[in-house]
Number of protein chains: 2
Amino acid sequence: MHSGRLVGRGGATLASLARELGVSRTTVSNAYNRPDQLSPALRERVMKAAERLGYAGPDPVARSLRTRKAGAIGLLLTEQVSYAFRDPAAVAFLEGLTLECDRAGIGLLLVPASPDSDDVRSVTRAAVDGFVAYSMPEDDPFLAAMLARPVPTVISDQPATDAADLVGIDDRAAMRNMADHLISLGHKRIGVICMRLGRDQHNGVVDERRQEGAGYHVQRNRLAGLRDGFEAAGVAWDRIPVVERFDHSIAAGASAAGQVLELDPGITALVATSDVLAMGAIGELRRRHKRVPQDISVTGFDGVKAALDAGVTTVSQPVTAKGREAGRLLLDPAVRHRARQVMLPTTFVAGTSTAPHHG
Amino acid sequence: MHSGRLVGRGGATLASLARELGVSRTTVSNAYNRPDQLSPALRERVMKAAERLGYAGPDPVARSLRTRKAGAIGLLLTEQVSYAFRDPAAVAFLEGLTLECDRAGIGLLLVPASPDSDDVRSVTRAAVDGFVAYSMPEDDPFLAAMLARPVPTVISDQPATDAADLVGIDDRAAMRNMADHLISLGHKRIGVICMRLGRDQHNGVVDERRQEGAGYHVQRNRLAGLRDGFEAAGVAWDRIPVVERFDHSIAAGASAAGQVLELDPGITALVATSDVLAMGAIGELRRRHKRVPQDISVTGFDGVKAALDAGVTTVSQPVTAKGREAGRLLLDPAVRHRARQVMLPTTFVAGTSTAPHHG
DNA sequence: TTGTAGGCGTTATCAG
DNA sequence: CTGATAACGCCTACAA
């Protein structure tokens, strides 16, 4: 640290500077904010005096209070902020969002929201002109606190609310499509691994009730899409083992795959609701001497780079575009009031992790 | 957007709520900030009235002004913010930094700083309690504006300043080490590709003057370390082609490698000052039917995951730890005043991209 | 347990 | 081009 020490105490202010110079506060303010409203000479004098007195310019917070603009928007994430930087999809979303922030010259405030605390003051006290929520469960207290704030809000991957704009994809249809792909390959006996379905730390088998009551809209819809497809093909959904993991990591995918295999060693395909889980699963299967895709087909979701590179059959969703769209909805005055919901397209990507099953 | 519309106009305030209830402002304030200073009944009444009047709680900005705390720190990056999310090293730094922010319950404000503008108001006007600067050139106007602000500051990868705390690695020694490695393998004829050395958009050969005048401390030191090693081994530094690229990408690495090869087709080793450039270079060499490492050895720097996975010989630096350390220096009161400079260790990683040269 | 009152540092407005 | 006045919305001694 350096200077910091003197903040507040002894710190020169607009007023003290004005007094010192024998001019009005307006004049000093103008020197900073409207140089054209001032004779160059006077402005020069002001700046000189500022330097001499160690005045660094108008206080941002006081300015914000007066102008009623924070110059920043807040981002709320499912998890601790640091977690986002380990998740390639979140990073891509952030890239898109900051693209728009950069364009608008607006800051992005990453709001801390520890999932094991219900202290929502970080949300209540964030000095922002708007909020974006990324992939939050419906019953999250931080989300509720955010929606209570009187600022514009955009939510990504959530069911419709009239309290906020929305941006998302049709998870259900995309996953239905994936189901159809597997069915067309002849797979009828499958297993499923999915990300967390609720705020409670559940790891293990998911029953139907939990599937339908899932607070995570995205996961719920992906499972529903899968069910749509398999039931349409005459496969009983309640026979299919669905295993949930709270953590979203390669390791979680691996262990979930292991658990599914124990529940039903005879599956010919394993569906993961995310690429990260799929990659973990593939690793685990190989470790168990199952060939992918010859013995077992594996599918993912998201289209993150690592998965595409690895040839995982997946659904590619435009995560970066989603972030951009969220930013535009919030920041672009021309877009405001136009659309309250933006649905983005997804693409099915046939990789090398799926193959026909000849039963 | 939703509510937003009514902000400011008609918005209830602490004062209006108090008036409505016939109590003092203190009481309402206490209802939010010190519930124990209030009878539960009264508090309940306050909250009810708040709900009825659409009062969402104390205004964060006004609160900040009064308490002189923003509850956030700012991060300044070399480039547009969105760019950081494409750079694995920057993402890792962010992860470390946000780890500490999460712990402290403090927000992280990503400050927009377009490199092609000198409008530093985004820095001047950021409502933060401190700043972290990541990998900025010495002569950057945004950096200067940041240092002028009367708040604590931590800089990553910069030369010593008494205006801020520092966190970094010994780039020069680490690269010297890499030079020694190559020399011990018998390489004497090498080429070098490096990241941008200054704010001007230069792409191409770098002369000695530019090397030494580089505004990017890190790059300057890495080149210096290389020079140290090769000159000590009797190799004339001015014979070695050094090619700079402004962009930091795989493509830039590839094109830089191509240019080096044209300058000296006889090199037996190619040193890159970053893993990203090294990976680009390796791709380009293979495209030109040069075998790595049999025909040409290639080295990187940073130790990003993709490079380690690909077996690139590199220097692994603790980027995440660097971010954490920056956060601690700024946020942890126990750490403040202790160390003004934190140097982190690096590790040489022998990969499969280097091999002996038998001249 | 509740109220009084003074500022935090700035900018908008409007008059000179 | 310059200045006076009035908020912006809140926190926090201090007093009752």
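The structure we're discussing is the one just above.
Residues numbered from 1 in each chain as written. Chains lettered and ligands numbered in written order. Predicted model: local features only at pLDDT ≥ 70, side-chain atom pairs only at ≥ 80, totals over all residues. Heavy atoms only, no water.

Ranked by size, the top nonpolar core spans 102 residues in total, and within it Leu75 of chain A together with Leu75 of chain B carry the most contacts. Counting residues in hydrophobic clusters, the runner-up holds 39 residues, among them Ala72, Leu76 and Phe142 of chain A together with Met146 of chain B. (Core = buried A, V, L, I, M, F, W, Y, C linked by side-chain atoms within 4.5 Å. Buried < 20%, exposed > 50% of the residue type's maximum accessible area, 1.4 Å probe, protein only.)

Near DNA strand D there are 30 residues, and of these Thr27 of chain A together with Leu14, Tyr55, Arg63 and Arg66 of chain B occur at the shortest range. When atoms of DNA strand D within 4 Å of the protein are split into backbone and base, the sugar-phosphate part holds 61%. The contact in question runs from a phosphate oxygen of DNA strand D to an N or O atom on the side chain of Thr27 of chain A, over 2.6 Å. In this structure, Asp36 of chain A approaches DNA strand D through a main-chain N or O atom, which is 3.2 Å from a phosphate oxygen. Those elements that provide at least two residues to the surface near DNA strand D are α2 (25–33) and α4 (60–67) of chain A together with α2 (25–33) and α4 (60–67) of chain B. Among the elements that make up the surface near DNA strand D, the one with the highest residue count is α4 of chain B (five residues). Classifying every residue of the surface near DNA strand D by side-chain character gives nine nonpolar, twelve polar and nine charged. (Near = heavy atom within 4 Å. Polar contact = N/O pair within 3.5 Å; in protein donor to acceptor, adjacent residues only side chain to side chain. Helix = DSSP H or I, 4+ residues; strand = E, 2+ residues; numbered from the N terminus. Nonpolar A, V, L, I, M, F, W, Y, C, P; charged D, E, K, R; others polar.)

A few words on the relation of the copies chain A and chain B. Between chain A and chain B, the superposition needs a rotation of 180° and an axial shift of 0.0 Å, giving an RMSD of 0.1 Å. Interpreted geometrically, this transformation is the action of a two-fold axis. For chain A, the minimum C-alpha distance to the rotation axis belongs to Leu109 of chain A and amounts to 2.1 Å. Both copies share a contact surface, since 100% of the interface residues of chain A are interface residues in chain B too. (Least-squares fit on C-alpha atoms with pLDDT ≥ 70 in both. Contact = heavy atoms within 4.5 Å.)

This next bit is on the sheet that holds strand β6 (residues 190–194) of chain B. Residues and elements named next belong to chain B. The sheet built from five strands is open, its strands ordered β7-β8-β6-β9-β10 with mixed pairing. The sheet terminates laterally at β7 (204–205) and β10 (297–299), the two strands that pair on one side only. Across three bridges, the pairing between strand β9 (residues 269–272) and β10 is parallel. Bridging across to β10, Leu270 finds its partner in Val298. Packing against the sheet, helix α11 (residues 217–232) makes contact with β6, β8 (242–244) and β9, and its axis sits at approximately 170° to β6. Contacting β6, β7, β8 and β9, helix α12 (residues 250–263) crosses the sheet at an angle of about 150° to β6. (Pairing = 2+ DSSP bridges. Axes fitted to C-alpha atoms, helices over the stretch in contact; angles between N-to-C directions.)

Keep in mind these values describe shape, not function.
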